[in-house]
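A structural walkthrough
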Amino acid sequence: MSHPGATATDRHRVVVVGSGFGGLTATKALKRADVDVKMIAKTTHHLFQPLLYQVATGIIASGEIAPPTRMILRKQKNAQVLLGNVTHIDLANQTVRSELLGHTYVTPYDTLIVAAGAGQSYFGNDHFAEWAPGMKSIDDALELRARILGAFEQAERSSDPARREKLLTFTVVGAGPTGVEMAGQIAELADHTLKGAFRHIDSTTARVILLDAAPAVLPPMGEKLGNKAKARLEKMGVEIQLGAMVTDVDRNGITVKDPDGTFRRIDCATKVWSAGVSASPLGRDIAEQSEAEVDRAGRLKVLPDLTVPGHPNVFVVGDMAAVEGVPGMAQGAIQGAKYAANAIKAELKGANPAEREPFQYFDKGSMATVSRFSAVAKIGPIEFGGFIAWLAWLALHLVYLVGFRRKLTTLLLWTVTFLSKKRGNLTITEQQAYARTRIEELEEIAALVQDPAKEAV
Ligand SMILES: Cc1cc2nc3c(=O)[nH]c(=O)nc-3n(C[C@H](O)[C@H](O)[C@H](O)COP(=O)(O)OP(=O)(O)OC[C@H]3O[C@@H](n4cnc5c(N)ncnc54)[C@H](O)[C@@H]3O)c2cc1C
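Residues numbered from 1 in each chain as written. Predicted model: local features only at pLDDT ≥ 70, side-chain atom pairs only at ≥ 80, totals over all residues. Heavy atoms only, no water.

Here we look at the domain arrangement of the protein
Domain annotation of the protein identifies domain 1 (2–120 + 278–355) and domain 2 (127–275 + 366–420). Just the C-alpha atoms count here: the centres of domain 1 and domain 2 sit 31 Å apart. Facing the 30 residues of domain 1 at the interface are 32 residues of domain 2. Between domain 1 and domain 2 the total buried area reaches about 2,600 Å² when both faces are included, carbon and sulfur atoms providing 68% of it. It is Tyr-53, Glu-64 and Gln-120 in domain 1 that bury the most area against domain 2; as a group they hold 26% of the surface buried on that side. Taken together, domain 1 and domain 2 are joined by zero salt bridges. Summed over the shared surface of domain 1 and domain 2, the result is eight residue pairs in polar contact (both at pLDDT 80 or more). Those elements that place two or more of their residues in the side of domain 1 that touches domain 2 are helix H2 (52–56), helix H3 (62–65), strand E8 (118–120) and helix H10 (330–348). Among the elements that take part in the side of domain 1 that touches domain 2, H2 stands out by supplying five residues, more than any other. (Domains from an automatic or database assignment. Contact = heavy atoms within 4.5 Å. Buried area = accessible area lost by both parts, 1.4 Å probe. Salt bridge = Lys/Arg side-chain N within 4 Å of Asp/Glu carboxyl O. Polar contact = N/O pair within 3.5 Å; in protein donor to acceptor, adjacent residues only side chain to side chain. Helix = DSSP H or I, 4+ residues; strand = E, 2+ residues; numbered from the N terminus.)

Shown next as structure tokens:
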């Protein structure tokens, strides 16, 4: 396979954007290939997003789910890890532009695998983020942990009953898997872990509200499992409000529109946003230079071989890609990445890119935990819930955590938490709670003084 930009003596250059499920899988799958891989990502770690809610609620430490990518790949000699925020992909010149603290880097590629994932969507109301952080990064999870535990601390110091009530009301927006997991874990934190730790307030009186504009809990998992999860949460005291559309979010609470058109207010200090996703803006960047289109969630509509129309050397995989029948889940990214890596390897041996078999997704099922010892699972036509589903969830998440040591420490932390209801990671700092606004201000200043110099690495 040869592409413009490669010389006869060059090894084939693969650039991978992102170190998530798609990016890391693709890079590892190219370990034995005769290629040079440069993986560019905006964080230094690979993130196991399915367990972010456990970081946010003090069960595990961030290091358990966010190992440094550089350390994972240290023995893979053909791979180089580069920190940088990719801001532009130039399809015509086959280069990737990335930025790191005011410096701009331009990296050429022969084959590109873009796996930049998705961010939180506030459906056009990005200002909600200031008061209702999403759950997409370690920063988000630590900020949420600081806000949740900080609300209990402030309530302990308050002599005003209305303020105490506001501080002890926790609202989770979005009743998908993340929302269900967060609501369940905040309830367990209040009812068990923190019980008896305060003198002025009773943590068990905290209200946890899970609301969604849709009429069901866990819609993708079907009515039966959705109702099962709903019943379990309600038994734990979580208030579930369905058909409730959030129309405004501010420091003191949220405004909700009910199905009958009336508006009401929920006074609450802590809000968690888990209502929607929006694909990386790199999808739009690619669409603007090609025949490809993006869907409403900003995902790029790729060809059956996961490439961009007119660019058989540019693969887009994972949450960024819109492919019929492939859900925005870890397996979609992992399988897409393996497919792209296999295509590269086959074509280095002479296979014709025009003759690629289309990507085929193998559905391994989906699961969500609701509480300690309770989960729901759907594997093909089989649906089940309760303790067995929870055990299956536990085993599967351990298998997919990167690194043996990490599997072991996580298992230990889980054993302590699930058997004793104690949590070992309840540390919070002021920086976690309040740094977001300051960082945004600093980014604005940095943009004004940006060094226009370009460097090639
Ligand atoms: C809270 C939560 C819980 C989840 N639970 C589950 C679950 O239980 N089971 C399941 O199957 N799926 C779950 N998912 C979905 C799953 O995590 C995603 O489908 C999967 O991570 C998609 O992989 P990806 O490689 O496409 O993107 P990601 O894993 O998100 O990786 C994207 C990568 O790109 C990098 N990046 C983004 N933009 C840029 C840029 N401009 N420049 C450089 N780098 C960039 C990011 O830093 C990251 O490394 C969950 C997701 C979340 C948020």
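Resuming the write-up.
A look at a negative patch on the surface
On the surface, Glu-130, Glu-440, Glu-443 and Glu-444 cluster together to form a negatively charged patch. Secondary-structure assignment places Glu-444 in helix H13 (residues 430–448). (Patch = residues over 30% accessible without salt bridge, like charges linked within 9 Å, V, L, I, M, F, W, Y side chains within 5 Å. Areas by Shrake-Rupley, 256 points an atom, 1.4 Å probe, with all protein chains shown as cover. Lys, Arg positive; Asp, Glu negative; His and termini not counted. Charge placed at Lys NZ, Arg CZ, Asp CG, Glu CD.)

Observations concerning the site of the ligand
Taken together, 27 residues lie near the ligand, and Ser-19, Gly-22, Gln-49, Val-86 and Asp-319 sit nearest. In the environment of the ligand, a nitrogen atom lies 3.1 Å from a nitrogen or oxygen atom belonging to the backbone of Lys-42. The separation between an oxygen atom of the ligand and a polar main-chain atom of Ala-330 is 3.0 Å. Contact with the protein chains covers 88% of the free accessible surface of the ligand, which is 990 Å². Counting only elements with at least two residues in the shell around the ligand, the list comes to helix H1 (21–29), strand E4 (85–90) and H10. Taken together, the residues that form the shell around the ligand break down as eleven nonpolar, 13 polar and three charged. Mapping the shell around the ligand onto the domain boundaries places at least three of its residues in each of domain 1 (2–120 + 278–355) and domain 2 (127–275 + 366–420). (Near = heavy atom within 4 Å. Nonpolar A, V, L, I, M, F, W, Y, C, P; charged D, E, K, R; others polar.)

Things to note about the side chain of Gln-185
With respect to the element layout, Gln-185 can be found in helix H7 (residues 177–193). Owing to a relative accessible area of 5%, Gln-185 belongs among the buried residues under this scheme. Contact partners of Gln-185, with chain neighbours within four places excluded, come to Tyr-53, Thr-57, Ile-59, Ser-371, Arg-372 and Arg-423. (Buried < 20%, exposed > 50% of the residue type's maximum accessible area, 1.4 Å probe, protein only.)

Some details on the pattern of salt bridges
Evaluation of the coordinates by the stated rule reveals 16 salt bridges. With a closest N to O distance of 2.7 Å, Glu-239 and Arg-207 form a salt bridge. Here Arg-207 lies in strand E10 (residues 207–212) and Glu-239 lies in strand E11 (residues 239–242), a separation of 32 residues in the sequence. By relative accessible area, Glu-239 is classed as partly exposed at 29%. In the salt-bridge network here, residues are joined through shared partners; they are Arg-11, Asp-34 and Asp-36.

Topic: unusual backbone geometry
The phi dihedral of Leu-101 is positive, around 45 degrees, even though this residue is not glycine. Within the fold, Leu-101 resides in the loop between strand E5 (95–100) and strand E6 (103–108). Overall, Leu-101 belongs to the exposed group, its relative accessible area being 82%. Not every positive phi belongs to a glycine, and Phe-373 is a case in point at roughly 70 degrees. Along the chain, Phe-373 turns up in the loop between strand E21 (366–371) and strand E22 (374–379).

Looking at helix H11 (residues 387–400)
Since one α-helical turn is 3.6 residues long, residues separated by three or four positions face the same way. With 14 residues, H11 should reach 20 Å at 1.5 Å per residue; the first-to-last C-alpha distance of 20 Å fits that figure. Taken as a whole, H11 has its buried residues at Ala-389, Trp-390, Trp-393, Leu-394, His-397 and Leu-398. With its buried residues spanning 165 degrees around the axis, H11 presents them on a single face. Exposed and facing more than 90 degrees away from the buried side of H11 are Ile-388 and Val-399. Where H11 is buried, its residues meet H2, H7, E21, E22, strand E23 (382–386) and helix H12 (404–420). (Expected span 1.5 Å × (residues − 1). Arc of directions from axis to C-beta.)

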